[in-house]
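# Residue-level structure breakdown
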Amino acid sequence: MIRIENVHVELGGFCLEDIDLSVDKGEFFILLGPTGAGKTVLLEALAGLLPTKKGRLLIDGADVTNLPPEKRGIGIVYQDCALFPHLTVLQNIRYGLHFHRINKTEAEKRLDGLLDQLGLRFLTDRMPVNLSGGELQRVALARALMVSPSVLFLDEPLSSLDPNFRGEIQEELKRLHQESGITFLMVTHDFCEALSLGSRGAVINKGKIEQVGKLTEIFRKPDSPFVADFVGMKNLFPAKFSGTTAFVHDLRLELGRKAENSCKYIGIRPEDIIISRQMASPEVKNSFNGVVSKILNRGFFYEIRVRAGGTLFNTFITKGSFAELEPAAGLPVHLSIKPEAIHPVGG
C-alpha cells in the first residue's frame, strides 16, 4: 500500500536520510520517535506537503513522488485539528470536496454516514471555537474521511487531548480502522498509545529508521540502545557475553540462550525485576542481594532503585506491593530476574 524507497528530505538544517519503509494495505502502522526525530517531516513528505530530494514514494502501487497532495488519495489529521475557525462543522467536513470530484448523491450519503458514525449530527452548525477537544478531533477525522482516502495520516492526534478525551478518540480510531478497512499511518512519541492502537511500526531517530517490526517485538526486543531507552527499558548495561551468560560489572546473568555477535548490551524492563525481602530459592537463576538506593513515587506505581554490587537497577512495583515491602533507603533487599526477561541488545 505505502512504499518509501531510499527517500531523502531536507528541511532547514534537518535531513531524512535513506528512508526505506513499507506499510501493508489495511494496516494500522505506527511511526514512533522523540520530538525532532523526523516523524512529521516524513508524514508531510508522503502527503506531498514537502518535496523529496531523492527517492520514490508509492501509494497503492502508484508513484506519487511528484504529485500534488489532492492527487495522492490521502487524508491527514493533525494534533491541533487545523480546522478553519470561520467555517461551521459542516462546512469544515465538506471542505475537501472542493478538490475532489465526487458524485453529489454519493457525497451526501458519505456525509450522512460520517455524521452518525462520529456522533456529529447535532454539531453541524457549531463553530470550532464552541467544540471540546474530543469534538474537534472527530470533526477533523470526518473532514479527512469525507474524500474517501485510501490512506489516513494521523499526526499525534491524541497528544493535545486530556486523558478522558484521549481514551474516547483512541477507541474511535480503533473502530474506524476496523470498519473502514483504510490504511492508517499514525505518528506518535507515546509507546503506550502505539501498543494500544497499532500492530506494526517503526522507530525513527535523527532522520533515520532505527527499527521496524511488530510493536510487541520492538517493545520486548529492541535492536539498539536508543530504541531500548525509548521504549522504557530503563535497565540498559554494557555487557560481555560467553555462551548463554552475560557479565555486567561484577554480576553474572544467565540468559538461557546465546546472544548474537552484534550484541554489546543487555536490557531489562523495570517491571520484570522482582524485588523482595527474602532471598529467592536456590534453583532461581539471577538472584542478587541489593540495597535500596532511592524511592520515587510515580503516581500509580513506585520506582525503586536498588544497587547490587556495582550495578544500579531500576524496578517498578505497584502501590499494593510497596505497602507489603515497606522499602526505605538503605534497606537490604533481594532481586531476581528470569533469564527470558534479559534481552541482549545490539551496539
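A brief structural summary. Keep in mind that what you see is a predicted model, and the values were worked out from it rather than measured.

Now for the overall build of the protein. Scanning the protein for helices and strands turns up nine helices and 21 strands. Buried positions account for 48% of the 347 residues belonging to the protein. Across the protein, the fraction of contacts at a sequence separation of at least 24, relative to all contacts at a separation of at least 6, is 67%. Here the protein carries 41 positive and 41 negative side-chain charges, and the mean point of each set is 3 Å from the other.

Summarising burial for strand E8 (residues 183-188): six of the six residues are buried, a large majority. In E8, alternate side chains face the same way, and those of Thr183, Leu185 and Val187 on one face and Phe184, Met186 and Thr188 on the other are all buried. Here strand E3 (residues 28-32) runs beside E8; their pairing, made up of five bridges, is parallel. Across the sheet, the residue bridging to Phe29 is Leu185, located in E8. Once you follow strand E7 (residues 151-155) into helix H5 (residues 163-180) and on to E8, the crossover reads as right-handed.

Moving on to unusual backbone geometry. Positioned with a positive phi, Asp18 is a non-glycine residue whose angle comes to about 50 degrees. Structurally, Asp18 can be placed in strand E2 (residues 14-23). Exposure remark for Asp18: the relative accessible area of 44% places this residue in the partly exposed category. Although it is not a glycine, Lys206 sits at a positive phi angle of roughly 55 degrees.

Reported here for the largest pocket is a volume of approximately 510 Å³. Forming the boundary of the largest pocket are 17 residues, of which Ile76, Tyr95, Gly96, Phe99 and Arg143 lie nearest the centre. When contributions to the lining of the largest pocket are tallied by element, the ones reaching two or more residues are strand E6 (74-78) and helix H4 (133-145). When residues of the lining of the largest pocket are assigned to their parent elements, the largest contribution, four residues, is made by E6. The residue makeup of the lining of the largest pocket, split by class, is twelve nonpolar, three polar and two charged. Approximately 230 Å³ is the volume attributed to the second largest pocket.

What follows is about helix H1 (residues 39-47). With eight of its nine residues buried, H1 lies for the most part within the structure. Among the residues of H1, those classed as buried are Lys39, Val41, Leu42, Leu43, Glu44, Ala45, Leu46 and Ala47.

This brings us to the nonpolar core. Counting residues in hydrophobic clusters, the biggest one holds 43 residues, and the most contacted among them are Ile93, Leu152, Leu154 and Leu173. When residues of this core are assigned to their parent elements, the largest contribution, six residues, is made by H4. Discounting residues that sit within four places of it in the chain, Leu154 has contacts with Phe28, Leu43, Val77, Leu141, Leu173, Phe184, Leu185, Met186 and Val187.

The next point concerns the environment of Glu70. Here Glu70 shows up in the loop between strand E5 (62-63) and E6. Judged by relative accessible area, which is 36%, Glu70 ranks as partly exposed. Put simply, Glu70 and Val147 are 77 residues apart on the chain and 9.7 Å apart in space, counted from C-alpha to C-alpha.

Taken together, the six bridges between strand E9 (residues 200-205) and strand E10 (residues 208-214) define a ladder with antiparallel strand orientation. Looking at the pairing, Gly201 lines up with Gly213 of E10. Counting the residues between successive antiparallel strands, the hairpin from E9 to E10 contains two residues, one of them, Lys206, with a positive phi of roughly 55 degrees.

So, on to the side chain of Arg269. Relative to the assigned elements, Arg269 resides in the loop between strand E15 (263-268) and strand E16 (273-276). Residue Arg269 is classed as buried on the basis of its relative accessible area, which comes to 5%. A polar side-chain atom of Arg269 sits 3.0 Å from the main-chain carbonyl oxygen of Val231.

Turning to empty space enclosed by the protein, a few remarks are in order. This structure, assessed with the given rule, holds one cavity of 30 Å³ or more. A volume near 40 Å³ is recorded for the largest cavity. In this structure, the largest cavity is lined by Ile2, Ile4, Leu21, Val23, Leu31, Leu42, Leu46 and Leu185. Contributions of two or more residues to the lining of the largest cavity are made by strand E1 (2-11), E2 and H1. Grouping the constituent residues of the lining of the largest cavity by class yields eight nonpolar, no polar and no charged.

Under the criterion given, the structure shown has 21 salt bridges. Across the pair Arg175 and Glu172 runs a salt bridge, and its minimum N-O distance is 2.0 Å. On the criterion of helical spacing, the pair formed by Arg175 and Glu172 is a turn pair, its members being three residues apart in helix H5. The shortest N-O distance in the salt bridge between Glu303 and Arg298 comes to 3.0 Å. Connected via shared salt-bridge partners are Arg3, Glu5, Asp20, Arg56 and Asp63.

Right, let's get into the packing of aromatic side chains. The tally for this structure, following the rule as stated, stands at seven aromatic pairs. Ring centres of Phe191 and Phe219 lie 5.6 Å apart, and the angle between their planes is 20 degrees; on these two criteria the pair is classed as stacked. Of this pair, Phe191 sits in helix H6 (residues 191-197) while Phe219 sits in helix H7 (residues 215-220), and the two are 28 residues apart along the sequence. Of the two residues examined, Phe191 and Phe219, each falls in the buried class.

About the criteria used
- Residues numbered from 1 in each chain as written.
- Predicted model: local features only at pLDDT ≥ 70, side-chain atom pairs only at ≥ 80, totals over all residues.
- Heavy atoms only, no water.
- Helix = DSSP H or I, 4+ residues; strand = E, 2+ residues; numbered from the N terminus.
- Buried < 20%, exposed > 50% of the residue type's maximum accessible area, 1.4 Å probe, protein only.
- Contact = heavy atoms within 4.5 Å.
- Lys, Arg positive; Asp, Glu negative; His and termini not counted.
- Charge placed at Lys NZ, Arg CZ, Asp CG, Glu CD.
- Pairing = 2+ DSSP bridges.
- Right-handed = clockwise from strand over helix to strand, strands pointing away.
- 1 Å grid on protein atoms, 1.4 Å probe; cavity = no way out; pocket = protein on both sides within 12 Å on 5 of 7 lines; lining within 4 Å.
- Points joined across faces, edges and corners; volume = space filled by probe spheres on them.
- Nonpolar A, V, L, I, M, F, W, Y, C, P; charged D, E, K, R; others polar.
- Core = buried A, V, L, I, M, F, W, Y, C linked by side-chain atoms within 4.5 Å.
- Polar contact = N/O pair within 3.5 Å; in protein donor to acceptor, adjacent residues only side chain to side chain.
- Salt bridge = Lys/Arg side-chain N within 4 Å of Asp/Glu carboxyl O.
- Phe/Tyr/Trp six-rings, centres within 6.5 Å; stacked < 30°, edge-to-face > 60°.

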